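# Examining the three-dimensional arrangement
Residues per chain, in single letters:
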Amino acid sequence: MGVRWPDALVGVAAGAVTTGVAEMTAAGFKRAGIGSGNGSPLVAVAGAFIDRTPPWLKDFAVAVFGTADKLALYVGMAVVITAACALAGWLRPRAFVGLGLFALGGLLGVLAVSSRPGTSWPDLLPTALGTAVGLWLLVWLWQRSTTAEDAVDPDTARTRRRAVLLWGTGLLAAGALGTLAGRTLSQVGEAVSTVRDRLAGLRVRQPVDVPAAASQNVAGQTTYITPNGEFYRIDTAVIVPRVDPDEWRLRVTGLVDRELTLSFDDLLGEELVEALVTLTCVSNFIGGDLAGNAVWTGLPVREVLARAGVQHGADMVLSTSVDGFTAGTPLTAMTDDRNALLAVAMNGEPLPAEHGFPVRLVVPGLYGYVSATKWVTELKVTTFADDEGYWTPRGWSALGPVKTASRIDVPRNASVPAGQVVLAGVAWAQHRGISRVEVRIGDGNWLDTTLAAEPSIDAWRQWMYVWDATPGSYDITVRATDGDGEVQTEQPAPPAPDGATGWNTVQVTVS
């Protein structure tokens with residue numbers, strides 16, 4: 001059949017217009033209040049893929065791409081969609097096959113949208129409309145290509161082919177711009193700036209005072225408080241939800257005596273507490289950076305549940321996000337003396353959108369996948385026998401207690417001059433605390449390090465050791481002991497299904 005790259009361009013252009021029309025229509029529906037706001041085919045396809053991601057693939061994506069995992073997903077989607085559309089266009093001599101492939105792509109988009117939580121039938125219309133426009137455009141461009149091939153005069157044929165290429169290129173650009181505009185419009189309306197003023201009048205009955213002794217100020221060592229802009233982000237939201245705080249509501253349902261509904265103003269009107277809490281992702285590998293420490297401000301969940309009246313037999317709280325994500329948290333972790341919070345602020349600022357604005361859950365001592373629900377909209381008091389969180393049926397443990405971990409920040413696989421070398425890092429065992437950190441240099445004995453102050457057992461603890469280094473190559477290993485006297489597990493294990501274990505080792509060359 002020969003090489004027909006202009007036909008492939010026609011297919012890609014038709015696909016771009018399809019996506020642009022669908023995204024623009026979905027954004028318009030969302031702003032007009034038509035449907036549930038889940039009409040974006042790009043978000044739906046990406047979300048459906050994440051829903052079906054096995055634990056090993058999730059671990060691989062986090063290990064390779066880190067917090068850029070969603071960007072990698074979008075790039076992969078763009079490559080696959082572009083290739084499929086190019087193939088559909090290239091099949092012009094077999095038009096029915098090409099049209100069938102293109103229509104199949106649209107059908108998969110519709111099915112992906114229908115699979116999202118809370119979807120209603122109007123949410124299916126943007127993708128259906130975009131597919132219809134794309135099919136019509138594909139046929140129209142094919143007809144112009146055929147007219148160019150049928151021209152007897154070479155100059156006429158050349159002119160017509162050039163026109164097809166110009167149309168294809170122009171429509172490709174228009175479709176890309178439409179997609180970008182649709183995604184932008186769907187995210188307009190964040191109200192963080194207005195909330196910042198409202199937070200200034202908060203009543204905080206237990207403010208956190210972080211002592212200077214909690215920081216050892218070693219160059220290269222992880223800072224004790226993680227700045228908001230550097231805090232890790234791992235979640236299932238393909239696009240960060242933009243939630244209007246004036247429209248936000250939290251429902252408390254399930255095995256309670258009284259169902260409750262709280263507004264954002266209700267929370268801000270309460271006497272809140274501050275808590276110093278380190279959050280950790282279950283996908284963090286040994287020595288990884290998927291952990292962060294912050295001062296969180298919010299209302300203790302136990303107070304909300306006490307007002308609702310938890311019924312006998314309940315053992316789990318199923319929290320739900322605005323994007324449909326769910327986490328199953330042990331009821332005891334929500335009601336004991338730890339500061340499990342409905343957080344509204346992070347390090348004295350409104351929650352950033354990517355960290356759950358306007359309200360998220362923060363539960364010390366548990367990995368985020370079973371506790372740290374962002375953009376939270378419901379707390380359902382239930383049982384592990386009757387409900388399960390998002391990740392549990394995908395092969396992850398139901399409970400998710402944080403395992404003791406330690407990390408070497410400096411030096412990391414480096415060459416250093418002989419003499420005094422500072423080894424430093426952090427260790428964490430949320431809600432148990434860290435009582436001891438040791439390092440081993442080469443095959444030597446374990447050596448106690450100097451620990452920074454520990455203002456909260458729910459936060460990580462810095463450590464350091466001054467080493468009189470002599471020339472040679474060394475493996476340096478760290479291990480921690482928690483507040484209960486349990487030594488960090490030596491046996492290495494991957495993150496799935498309940499968190500990684502093992503000691504962090506780095507290679508250092510002394511010259």
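Summary of the structure given here. (Residues numbered from 1 in each chain as written. Predicted model: local features only at pLDDT ≥ 70, side-chain atom pairs only at ≥ 80, totals over all residues. Heavy atoms only, no water.)

### Things to note about the environment of Ala-452
Selection criterion: Helix numbering and strand numbering both begin at the N terminus, where a helix is a DSSP run of H or I of at least 4 residues and a strand a DSSP run of E of at least 2. Exposed residues in this analysis have more than 50% of their type's maximum accessible area, buried residues have under 20%, and partly exposed residues fall in between, with area computed by a 1.4 Å probe over protein chains only. Every residue pair with non-hydrogen atoms within 4.5 Å of one another is taken to be in contact.
If you trace the backbone, Ala-452 turns up in the loop between β17 (450-451) and β18 (461-469). Of the residues examined, Ala-452 reaches a relative accessible area of 3% and is grouped as buried. Along the chain, Ala-452 and Val-426 lie 26 residues apart, while their C-alpha atoms are 9.6 Å from each other. Excluding anything up to four places from it in sequence, Ala-452 contacts Ala-213, Ala-214, Gln-216, Arg-461 and Gln-462.

### A short note on the pattern of salt bridges
Note the threshold: We define a salt bridge as a contact between a side-chain nitrogen of Lys or Arg and a carboxyl oxygen of Asp or Glu at a distance within 4 Å.
With the rule as written, the count across this model stands at 14 salt bridges. The salt bridge involving Lys-403 is made with Asp-498; its shortest N-O contact spans 3.1 Å. Here the residue Lys-403 occupies a position in the loop between β11 (376-382) and β12 (405-410), and Asp-498 occupies one in the loop between β19 (472-482) and β20 (504-510), the gap between them amounting to 95 residues.

### Quick notes on the packing of aromatic side chains
The line we're drawing: Here a pair means two rings of Phe, Tyr or Trp (six-membered ring of Trp) with centres within 6.5 Å. Their orientation is stacked below 30 degrees between planes, edge-to-face above 60, and tilted elsewhere.
This structure, assessed with the given rule, holds 10 aromatic pairs. Look at Trp-446 and Trp-503: their rings are 5.0 Å apart centre to centre, the planes differ by 80°, and that puts the pair in the edge-to-face class. Taken as a pair, Trp-446 in strand β16 (residues 446-448) and Trp-503 in the loop between β19 and β20 lie far apart in primary sequence, 57 residues in all. On the basis of relative accessibility, which here comes to 15%, the residue Trp-503 falls in the buried class.

### Structural notes on unusual backbone geometry
Cis rather than trans, the peptide bond between Phe-357 and Pro-358 has omega equal to 10°. Note that Pro-358 resides in the loop between β9 (349-350) and β10 (360-362). The backbone of Asn-217 sits at a positive phi, close to 60°, despite the residue not being glycine. Counting through the fold element by element, Asn-217 comes out in the loop between β1 (203-206) and β2 (249-254). For Trp-375, which is not glycine, the phi torsion reads 50° and is therefore positive. Among the structural elements, Trp-375 can be located in the loop between β10 and β11.

### Notes on the sheet that holds strand β6 (residues 316-321)
Selection criterion: Strand pairing requires that DSSP identify at least two bridges connecting the strands. Between N-to-C directions, angles span 0 to 180 degrees; the directions come from axes that are lines fitted to C-alpha atoms, helices contributing only their stretch in contact.
Taken together, five strands build an open sheet; the order of strands is β3-β2-β11-β6-β7 and the sheet is mixed. Single-partner strands in this sheet number two, and they are β3 (260-263) and β7 (326-330). Along the sheet, successive strands turn relative to each other by an average axial angle of 20°, direction set aside. Those strands touched by helix α10 (residues 301-308) are β2, β3, β6 and β11, and its axis lies near 140° from that of β3.

### Concerning the nonpolar core
In plain terms, the rule: Here, the term nonpolar core denotes a set of buried Ala, Val, Leu, Ile, Met, Phe, Trp, Tyr and Cys residues that are joined through side-chain atoms within 4.5 Å.
Leu-342 and Val-344 are the most contacted members of the largest nonpolar core, which totals 64 residues. Among the elements that make up this core, the one with the highest residue count is α10 (four residues). Val-416, Ala-427, Val-478 and Ala-480 belong to the second largest nonpolar core, which has 20 residues in total.

### As for the sheet that holds strand β14 (residues 419-428)
If you walk across this open sheet you meet the four strands as β12-β14-β18-β17, and the pairing is antiparallel. Of all the strands in the sheet, just β12 and β17 have a single pairing partner and so form its edges. In this sheet, β14 lies alongside β12 in antiparallel orientation, the contact comprising five bridges. Across the sheet, residue Ser-406 finds its bridge partner in β14, namely Ala-427.

### Some remarks on the pairing of β11
Where burial is concerned, most of β11 is hidden: five out of the seven residues are buried. Where β2 lies against β11, four bridges are found, and the strand directions are parallel. Its bridge partner lying in β11, Arg-251 is registered against Glu-378. Two elements, β6 and β11, share six bridges in a ladder whose sense is antiparallel.

### A look at the pairing of strand β8 (residues 341-346)
Taking burial as the measure, the six residues of β8 include six buried ones, the bulk of the element. Where strand β5 (residues 291-300) meets β8, five bridges bridge the pair, whose relative direction is antiparallel. Within β8, the residue paired with Gly-298 across the bridge is Ala-343. Looking at chain direction, β8 and β10 are connected through three bridges and run antiparallel.

### Focus on the packing of helix α2 (residues 41-51) against helix α5 (residues 95-114)
Stated precisely, the cut-off is as follows: Working rule for angles: under 35 degrees goes down as roughly parallel, over 145 as roughly antiparallel, 65 to 115 as roughly perpendicular, anything else as oblique. Ten residue types, Ala, Val, Leu, Ile, Met, Phe, Trp, Tyr, Cys and Pro, are classed as nonpolar, four, Asp, Glu, Lys and Arg, as charged, and the remainder, Gly among them, as polar.
Orientation of α2 relative to α5, taken along the N-to-C sense of each, is 75°, at an axis distance of 8 Å. Overall, the two elements α2 and α5 adopt an arrangement that is roughly perpendicular. Across from Pro-41, Ala-44, Val-45 and Ala-48 in α2, the residues of α5 making contact are Gly-109, Ala-112 and Val-113. The residue inventory of the contact of α2 with α5, partitioned by class, reads six nonpolar, one polar and no charged.

### A closer look at the side chain of Arg-233
To be explicit about the condition: Counting of polar contacts relies on pairs of N or O atoms within 3.5 Å, with two restrictions inside protein: one atom must be capable of donating a hydrogen and the other of accepting it, and residues adjacent in sequence are counted only when both atoms are side-chain atoms.
Relative to the helices and strands, Arg-233 resides in the loop between β1 and β2. Of the residues examined, Arg-233 reaches a relative accessible area of 18% and is grouped as buried. At 2.8 Å, the side chain of Arg-233 forms a polar contact with the side chain of Asp-235.

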